[in-house]
Amino acid sequence: MSLLSLVQNIFGGKEEVLSPEYKYIEYSAIIDEETCPACRAADGMRTQKPSELPPAPNPQCTSSDMCRCFHVKIGKNERD
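What counts, and where the lines are drawn
Residues numbered from 1 in each chain as written. Predicted model: local features only at pLDDT ≥ 70, side-chain atom pairs only at ≥ 80, totals over all residues. Heavy atoms only, no water. Helix = DSSP H or I, 4+ residues; strand = E, 2+ residues; numbered from the N terminus. Buried < 20%, exposed > 50% of the residue type's maximum accessible area, 1.4 Å probe, protein only. Contact = heavy atoms within 4.5 Å. Areas by Shrake-Rupley, 256 points an atom, 1.4 Å probe, with all protein chains shown as cover. Core = buried A, V, L, I, M, F, W, Y, C linked by side-chain atoms within 4.5 Å. Pairing = 2+ DSSP bridges. Polar contact = N/O pair within 3.5 Å; in protein donor to acceptor, adjacent residues only side chain to side chain.

A. Examining the overall build of the protein chain more closely. Looking only at helices and strands, one finds two helices and three strands in the protein chain. A total of 80 residues make up the protein chain; the buried ones form 32% of that total. In the protein chain, 65% of the contacts between residues at least 6 apart in sequence involve partners at least 24 apart. Total accessible area on the protein chain is roughly 5200 Å²; 53% of this is exposed by carbon and sulfur atoms.

Have a look at this one:
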């Protein structure tokens, strides 16, 4: 199993439609000196359609530390 498949299994994969208990899904990068330009640019992107986000881990990541990005599902009851 690839790292991408493992992470998608843990975090729910690429759903086509977000479950009703969530407002949106957000791309989150760990921002530090190792963050690559592709991950930095995607950080904070939000959508209700998960397929519109870059995958996490991001296959375009050029960091020497490997991609450390992930998707965060934001619940309906959470504040922005």
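B. Seen up close, the nonpolar core. Counting residues in hydrophobic clusters, the biggest one holds twelve residues: Leu 18, Ile 25, Tyr 27, Ala 29, Cys 36, Cys 39, Ala 42, Leu 53, Ala 56, Cys 61, Cys 67 and Cys 69. Sequence-distant contacts of Leu 18, defined by excluding residues within four places in its chain, comprise Lys 23, Tyr 24, Ile 25, Thr 47, Gln 48 and Pro 50.

C. Molecular detail of the sheet that holds strand 2 (residues 46-47). Here three strands make up an open sheet; going across it, the order is 2-1-3 and the pairing antiparallel. The open sheet terminates on both sides in strands that have one partner only, identified here as strand 2 and strand 3 (70-75).

D. View of the side chain of His 71. The residue His 71 is located in strand 3 in this model. Judged by relative accessible area, which is 15%, His 71 ranks as buried. One polar contact links the side chain of His 71 to the main-chain carbonyl oxygen of Pro 54, over a distance of 2.8 Å.

E. Layout of unusual backbone geometry. Look at the link from Ala 56 to Pro 57: it is a cis peptide, with omega at 0°. Mapped onto the elements, Pro 57 comes out in the loop between strand 2 and strand 3. You will see that Met 66, though not glycine, has its phi angle at about 65°, which is positive. Positionally, Met 66 belongs in the loop between strand 2 and strand 3.

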